[in-house]
Amino acid sequence: MTMLANLLRELVGLFVDDGALALAILGIVLLASIFAILVPSAPLASGAVLLLGCLGVLFANVMRAG
Amino acid sequence: MTTSLVQIGPAIAAAFLASLVEAVEAMTIVLAVSTVRGWRPAGFGALAGLMLLAVVVLVLGPLLDHIPLNLLQLVIGVLLLLFGMRWLRKAILRAAGVIPLHDEAIVFATETTELSEQARRQEARRDWLAGIVSFKAVVLEGLEVVFIVIAVGAGHGLLVPAGLGALAACLLVVVVGIVVHRPLARVPENSLKFAVGIMLSAFGVFWIGEGLGVPWPGGDLAILMFAVLFLGVALASVALTRRRNAEVLP
């Protein structure tokens, strides 16, 4: 049972190390999805939100942690 | 479903380099087990771990064909982004000196000591315990390899080249590990994680965009453009963090 719990914890740990970073990434993906749904005539806008959002989130997170 | 060299190259490279890191981590533990208890429990544990991984691949593999491509790209893209940016963040912080570098020699020494103490406490079950340690290392690190192969390969029908890249890395580490019988501490793990984090993050952004219907300028070449942008932000983050910390600590 302990081994299974450890395995599950390790599996989650594959994707989530810093909770704030993971939440921010999911927030950016959600925002880009909303853009894609609300503004289907400009799909590149959601792409820009996604790309610039991820770069910004990474930079901000590292600056905060460093 | 079209594939191009622009996709195949980065997919194989990402799978190879990421698997190299994971295989080194697993091999360090297996070597520690073999040092304390011999090759038999280490080998049996590793073999059982590989068999479990094979079952996971055989069960999950066919399921991928039944998932709509857009949904698959979106879900795997999100996982890839979480995974890649986690690695990249850690590699940036290590390169900037904020957190210490991962040292396989220390991992090997710690694992060897723990196993020796466990063996002394539970003499009757020591081979069994050693086998479980080896099994767990192979399963956990192997699951990461399986995920990476699926993540970089599934969205564009690149599972075979990505799988071959991962297999080559694992075989290389196993052969070198058996020959030198020492932890592979000279592998530049942080540089590899830095590079792989950038590639996986670039793949993640590309695939989420594809899943959302974004017509990326340049098609597949956009992956390389994203990688350059992630590299730029990562290098700037390292430089700024180093400079800021140098100012704080004279």
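Above this text is the structure in question.
Please read all numbers here as calculations on a predicted model, not as lab measurements. In this numbering scheme, every chain counts its residues from 1 along its sequence in written order. Just so you know, chain letters begin at A and ligand numbers begin at 1, following the order they were written in. Given that the model is predicted, a residue must reach a pLDDT of at least 70 before its local features are reported, and side-chain atom pairs must reach 80 or more before they are shown or counted; all residues, however, enter totals for whole chains, interfaces and linings.

> Can you lay out the nonpolar core for me, pointing to particular residues and giving the numbers?
Note on soluble globular proteins: their nonpolar side chains tend to be buried together. Ranked by size, the top nonpolar core spans 97 residues in total, and within it Cys54(A) and Ala15(B) carry the most contacts. The dominant element in this core, judged by the number of residues it contributes, is helix H1 (residues 5–37) of chain B, at 19 residues. Once C-beta atoms have been placed from the backbone, residue pairs whose C-beta atoms lie within 7 Å are recorded as contacts. Beyond its immediate stretch of four places on either side in the chain, Ala15(B) contacts Ile148(B), Val149(B), Val152(B), Ala162(B), Gly165(B) and Ala166(B). Joining buried Ala, Val, Leu, Ile, Met, Phe, Trp, Tyr and Cys residues through C-beta atoms within 7 Å gives a set, and that set is a nonpolar core. To sort residues by exposure, count the other C-beta atoms lying within 10 Å of each residue's C-beta; 20 or more gives buried, 12 or fewer gives exposed, and values between give partly exposed, all with C-beta atoms placed from the backbone. Numbering of helices and strands runs from the N terminus; a helix is a DSSP stretch of H or I covering at least four residues, while a strand is a stretch of E covering at least two.

> So what's going on with the interface of chain B and chain A? Which residues, and what values?
Counting residues at the interface gives 36 residues for chain B, matched by 29 residues for chain A. Put simply, the parts of the chain that give the side of chain B that touches chain A at least two residues each are helix H3 (69–95), helix H5 (126–153), helix H7 (189–212) and helix H8 (221–248) of chain B. Here the side of chain B that touches chain A gets 12 residues from one element, more than from any other, and that element is H3(B). Just so you know the grouping, Ala, Val, Leu, Ile, Met, Phe, Trp, Tyr, Cys and Pro go in nonpolar, Asp, Glu, Lys and Arg go in charged, and all remaining residues, Gly too, go in polar. Of the residues assigned to the side of chain B that touches chain A, the class counts are 25 nonpolar, six polar and five charged.

> So, the environment of Val238(B): which residues are in play, and what are the values?
Residue and element names in this part refer to chain B. Checked against the element boundaries, valine 238 lands in helix H8. Accessibility expressed as a C-beta count within 10 Å gives 21 for valine 238, which makes it buried. Along the chain, valine 238 and alanine 11 lie 227 residues apart, while their C-alpha atoms are 26 Å from each other. With residues up to four places along the chain from it excluded, the contact list for valine 238 reads Ile92, Ala95 and Ala96.

> So what about the packing of helix H3 (residues 43–65) of chain A against H3(B)? Which residues, and what values?
At a closest axis distance of 10 Å, the pairing of H3(A) and H3(B) adopts a crossing angle of 35 degrees. Here H3(A) runs over H3(B); the crossing is right-handed. Between H3(A) and H3(B), the residues in contact are Cys54(A), Leu58(A), Asn61(A), Val62(A) and Ala65(A) and Leu81(B), Met85(B), Leu88(B), Arg89(B), Ile92(B) and Leu93(B), respectively. Broken down by class, the residue content of the contact of H3(A) with H3(B) amounts to nine nonpolar, one polar and one charged. With axes taken as lines fitted to C-alpha atoms, and helix axes fitted only over the stretch in contact, angles between N-to-C directions fall between 0 and 180 degrees. Helix crossings get a hand from a simple test, with the near helix turned counterclockwise from the far one by less than a right angle marking a left-handed crossing and a clockwise turn marking a right-handed one.

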